[in-house]
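Chain residues, written in single-letter form:
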Amino acid sequence: MKWSERPTHLAQHPPLRDWQQRCLSKALAQLSPEQPHFLCQATPGAGKMLMAAVLANYLLQRGEVDFVLYLGPSCEVVRRAEETLADVTGLAVDGELGARGGCYTYQSLRTLIHALQQLGAKYRVLLVWDESHHAGRVAGAQKGANEWGQALLLLERYMTYTLALSGTPWRTDGSCLPLLRYLDIPADEDLPLKQRLVPDFVYTLQEAVRDGVCRLPYIKLIDNRHIELTISHAKGKQRPKQKQFSSIPRLLRHPGISYANLLRHETAMEAQLTKGVRQLNALRKAQPGAGGLVVASDIEHAEEISQWLMDQGEDVCLVTSKTPNAHSKLQAFRDSVQAWIVSVGMISEGVDIPRLRVCCYLSHIRTEQHFRQVLGRIIRRIGLHDADCYLFMLNESLLRRYAHRIADDLPDEKAVVTVVSPASAPDVHGYGNTALGVQLDNVTLPAAETVGEAGTVVFGGSSITAAANSGAKPQPQWEHDMAFSQRFIEHLATLKL
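Everything numeric here is computed off the predicted structure, so don't read it as measured data.

Calculation criteria
- Residues numbered from 1 in each chain as written.
- Predicted model: local features only at pLDDT ≥ 70, side-chain atom pairs only at ≥ 80, totals over all residues.
- Heavy atoms only, no water.
- Salt bridge = Lys/Arg side-chain N within 4 Å of Asp/Glu carboxyl O.
- Helix = DSSP H or I, 4+ residues; strand = E, 2+ residues; numbered from the N terminus.
- Buried < 20%, exposed > 50% of the residue type's maximum accessible area, 1.4 Å probe, protein only.
- Contact = heavy atoms within 4.5 Å.
- pLDDT = per-residue confidence, 0-100.
- Expected span 1.5 Å × (residues − 1).
- Phe/Tyr/Trp six-rings, centres within 6.5 Å; stacked < 30°, edge-to-face > 60°.
- Lys NZ or Arg CZ within 6 Å of the ring centre and 35° of its normal.

## Observations concerning the pattern of salt bridges
So, point 1. Taken as a whole and judged by the stated rule, the model has 16 salt bridges.
So, point 2. With its nearest N and O atoms 2.9 Å apart, the salt bridge here joins Arg22 to Asp18. Of the two residues, Arg22 and Asp18 both sit in helix α1 (residues 18-30), 4 residues apart, roughly one turn of that helix.
So, point 3. Among the residues examined, Asp18 registers a relative accessible area of 52% and is labelled exposed.
So, point 4. In this structure, the salt-bridge partner of Asp388 is Arg357, at a minimum N-O distance of 2.5 Å. Of this pair, Asp388 sits in strand β16 (residues 388-394) while Arg357 sits in strand β15 (residues 356-361); the two residues are 31 residues apart in sequence, bridging distant segments of the chain.

Quick look at the structure:
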């Protein structure tokens with residue numbers, strides 16, 4: 001890999017916000033051979049990448065680093081980061097001949113790791129790893145990192161400085177993030193040792209709203225007080241049974257009703273989308289360019305939602321992993337005044353479309369990390385007259401819990417990890433600092449679980465068929481006919497300032 005300076009244009013960037021300047025000053029003062037790693041935890045939508053680009057420019061100008069590497073979770077996020085770095089430094093960072101850096105996805109490290117190690121061994125390099133929660137390792141163990149965690153650990157030894165960026169610096173599986181500081185928590189001798197993550201700089205959602213950096217989020221939980229469930233045997237061998245439920249959380253306690261299926265129930269889905277459409281139409285009277293986002297569960301679901309919105313006369317952009325020229329369509333939507341964009345995962349993390357102010361959350365994913373990342377797509381302010389945003393979702397117990405604690409930027413149970421003994425850590429080859437050219441192991445994902453009972457779930461005329469467990473004994477087929485009252489209500493959750 002041959003590198004030399006190749007300027008692109010005059011360096012320029014918008015003025016830094018107060019938090020960005022404070023974080024920049026702290027990073028410049030702290031980064032040293034003794035403290036080469038820095039974690040910036042700033043709420044999604046606050047502008048972490050601009051701060052990172054300005055830091056990279058300072059280090060390049062001061063002669064502390066020769067090159068800048070950037071790692072991100074997706075091609076769209078990487079492309080935007082490359083643009084920001086080039087704008088701020090005035091230098092090419094596309095990894096080509098004459099560039100002063102390169103921007104890559106975490107997935108690409110499998111083929112690039114050896115070349116990047118050689119670069120770091122010969123030159124001084126700043127590594128910016130964005131959305132750092134994607135990389136994991138087992139706390140207290142010298143093995144057990146996931147694939148992206150392995151790659152970072154293989155690079156660490158060769159990097160002069162590393163800058164981690166995340167609005168949600170924890171992992172759903174409870175593992176640690178590599179390269180970051182964790183402090184021991186005093187505990188009884190009989191209890192396993194626990195450690196708490198210590199970010200180097202924190203900028204909370206509450207601060208961002210007070211500073212006018214982020215919008216005040218209004219989270220509206222959609223519910224229904226009169227739900228009737230009729231359970232009947234598919235072959236008519238037993239008399240139908242009827243049950244009444246006073247809320248969606250109570251309904252979801254029934255073993256025959258799942259949250260994933262409820263998302264596809266025509267009445268519940270239409271009620272949520274209708275409220276989102278009304279809210280966006282009201283916002284567009286004052287801000288014609290305001291946009292709405294729908295996060296669907298899968299591609300088929302996204303197509304169904306898009307069709308419903310178009311049937312209501314809405315202008316819709318559908319972008320999924322199967323969409324031809326998806327990134328071009330995403331860019332076109334960003335620069336347009338089109339009302340709605342529907343996706344599955346392409347806009348849930350790191351994608352910057354500031355005109356989005358309404359989101360309908362119809363994803364089957366119910367992790368706090370995903371919830372906060374999606375919320376981050378609609379909270380970034382762009383002017384003086386867009387001080388609020390709106391997230392609509394079903395009143396499911398986990399989502400409701402996440403909504404009521406959005407002020408906790410690093411919840412205690414997320415910041416604390418349990419340290420395992422080396423003997424009990426999973427044996428994953430390649431953990432830690434190793435020699436050049438060590439191959440990363442293949443990572444095999446577990447097969448998806450299947451439900452134990454085959455059957456058709458009928459929701460007020462819309463039918464959903466559940467997959468059968470081929471290893472289970474044949475079970476009776478049951479039909480669940482559900483009826484909602486026409487009036488859906490909203491429970492409001494918002495940030496307390």
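## Focus: the environment of Arg225
So, point 1. Among the structural elements, Arg225 can be located in the loop between β9 (216-223) and β10 (227-233).
So, point 2. Taking the C-alpha atoms as reference, Arg225 lies 7.7 Å from Phe488; in sequence the two are 263 residues apart.
So, point 3. For Arg225, the residues in contact, after removing those within four places along its chain, are Phe245, Ser246 and Ile489.

## Observations concerning the confidence of the model for the protein chain
So, point 1. Overall, the predicted model of the protein chain reaches an average pLDDT of 77, with 70% of residues at or above 70.
So, point 2. Note that pLDDT drops below 50 for residues 135-145; the model gives that stretch 55 contacts with residues more than four away or on any other chain.
So, point 3. A low-confidence stretch, residues 410-476 (pLDDT under 50), is modelled with 153 contacts involving residues beyond four sequence positions or located in other chains.

## Overview of helix α2 (residues 48-61)
So, point 1. With 14 residues, α2 should cover 20 Å at 1.5 Å per step; its first-to-last C-alpha distance of 20 Å lies within 8% of that length.
So, point 2. By the criterion of burial, α2 is predominantly enclosed, with 12 of the 14 residues buried.
So, point 3. Once α2 finishes, Gly63 follows within two positions and takes phi at roughly 75°, a positive value.

## Structural notes on the packing of aromatic side chains
So, point 1. By the definition in use, this model includes 5 aromatic pairs.
So, point 2. Of the aromatic side chains, those joined through ring pairs into one cluster are Trp19, Phe201 and Tyr203.
So, point 3. For the cation-ring pair, Arg355 lies above Phe333, with the distance from its terminal atom to the ring centre recorded as 4.2 Å.

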